[in-house]
Amino acid sequence: MLLARSLAAHLRLAATGSCRLAAALLLAVTLAPALAEGIEPLTKGQTVYLPIYSEIRHGNIGPKGKSETSLMSVLVSVRNTDPNNPIRVVSANYYNTDGVLLRNSVPTPRAIPPFGTLELFIELRESLGGSGANYAIKWDAAAAVSQPTIEALHSRFQAGYSVAFISRGRAISEP
């Protein structure tokens, strides 16, 4: 709706003889990002950084200088969005808040078929990662494919309250 209003405003400006060129340029600049949004280039692989909050700090700082914390379970989802080609997860290195490698959750490469999903799970009782944990997930493909969706669903369900949220990965390097 906002884009439609902006377009109408730009068209009104374009009707006033002296502003036509400026309005046309402004319209092109305004529409180009909106049309391209969400379209990512095909690639043969990446390393994706995924924030993990296996522990959440909240409340006030107590007498010992620390805030309250709650542990979270985390479901990591690597979804192949390409309709025709498989991808391969080469590694999924899990790091703690201090950047120390805790483990590779995919010790041998795993193929994900078109529209398939690979899931990794961090249990609620695991506190090794901390509030600044992360995954560095490396994937590749034989052909250029659409980039996978890599997300983490954080959750804690118990009597009285529930918490759930998603963090999304972002590419930090290509092969």
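See the structure shown above.
It should be emphasised that the depicted structure is a prediction, and the values quoted were computed from it without experimental measurement. (Residues numbered from 1 in each chain as written. Predicted model: local features only at pLDDT ≥ 70, side-chain atom pairs only at ≥ 80, totals over all residues. Heavy atoms only, no water.)

> Whenever I open this one, the pattern of salt bridges confuses me. Can you help?
Pairing is possible between side chains of opposite charge, provided their charged atoms come close. Tallied over the full model, the rule gives five salt bridges. When the shortest N-O distance is used, the salt bridge between Glu 55 and Arg 57 registers 3.4 Å. According to the relative accessible area criterion, Glu 55 is buried, its value standing at 13%. As a salt-bridge pair, Arg 125 and Glu 123 come within 3.1 Å of each other at their nearest N and O atoms. Look at Arg 125 and you get exposed, because its relative accessible area is 66%. (Salt bridge = Lys/Arg side-chain N within 4 Å of Asp/Glu carboxyl O. Buried < 20%, exposed > 50% of the residue type's maximum accessible area, 1.4 Å probe, protein only.)

> What's the story with the environment of Ser 54 in this structure? I'm lost.
In this structure, Ser 54 sits in the loop between strand E1 (43-52) and strand E2 (55-58). The exposure class assigned to Ser 54 is buried, which follows from its relative accessible area of 0%. The residues contacting Ser 54, other than those within four sequence positions of it, are Ser 70, Leu 71, Met 72, Val 74, Tyr 94, Glu 126, Gly 129, Gly 130 and Ala 133. A distance of 3.1 Å separates a polar atom in the side chain of Ser 54 from the backbone nitrogen of Gly 130. (Helix = DSSP H or I, 4+ residues; strand = E, 2+ residues; numbered from the N terminus. Contact = heavy atoms within 4.5 Å. Polar contact = N/O pair within 3.5 Å; in protein donor to acceptor, adjacent residues only side chain to side chain.)

> What am I meant to see in the sheet that holds strand E10 (residues 149-158) here?
As a general point, the strands of a sheet are linked pairwise by backbone hydrogen bonds and lie either parallel or antiparallel. Judged by pairing direction, the sheet is antiparallel, and its four strands sit side by side in the order E8-E4-E10-E11 without closing on themselves. Pairing within the sheet leaves two strands with one partner each, and these edge strands are strand E8 (117-122) and strand E11 (161-168). For this sheet the average axis-to-axis angle between neighbouring strands, irrespective of direction, equals 15 degrees. The sheet contact formed by E10 and E11 spans eight bridges and is antiparallel. Across the sheet, residue Leu 153 finds its bridge partner in E11, namely Ile 166. (Pairing = 2+ DSSP bridges. Axes fitted to C-alpha atoms, helices over the stretch in contact; angles between N-to-C directions.)

> It is not clear to me how the packing of aromatic side chains should be interpreted in this structure. Could you clarify?
The relative placement of two aromatic rings is captured by the distance of their centres and the angle of their planes. Scanning all chains against the criterion turns up two aromatic pairs. Ring centres 4.9 Å apart and planes at 35 degrees place the aromatic pair Tyr 94 and Tyr 135 in the tilted group. Remark: Tyr 135 occurs in strand E9 (residues 133-145) and Tyr 94 occurs in strand E5 (residues 87-95); sequence separation between them is 41 residues. Here Tyr 94 matches Tyr 135 in class, with each residue buried. (Phe/Tyr/Trp six-rings, centres within 6.5 Å; stacked < 30°, edge-to-face > 60°.)

> For this particular structure, what's the right way to read the environment of Ile 39?
Note that Ile 39 resides in the loop between helix H2 (20-36) and E1. With a relative accessible area of 67%, Ile 39 lands in the exposed category. As a C-alpha pair, Ile 39 and Ser 146 span 107 residues in sequence and 9.3 Å in three-dimensional space.

> Would you explain the side chain of Ser 91 in this entry?
With respect to the secondary-structure elements, Ser 91 resides in strand E5. Setting aside its immediate chain neighbours within four residues, Ser 91 contacts Asn 104, Val 106, Ala 136, Ile 137 and Lys 138.

> Explanation requested: the layout of surface pockets in the structure shown.
Taking a probe equal in size to a water molecule and rolling it over the atoms shows the remaining empty space. The space that makes up the largest pocket amounts to roughly 250 Å³. Taken together, 15 residues form the lining of the largest pocket, with Glu 40, Gln 147, Pro 148, Thr 149 and Ile 150 sitting closest to its centre. For the lining of the largest pocket, the secondary-structure elements that each account for two or more residues are E1, E10 and strand E12 (170-173). If one sorts the elements of the lining of the largest pocket by residue count, E10 sits on top with three residues. (1 Å grid on protein atoms, 1.4 Å probe; cavity = no way out; pocket = protein on both sides within 12 Å on 5 of 7 lines; lining within 4 Å. Points joined across faces, edges and corners; volume = space filled by probe spheres on them.)

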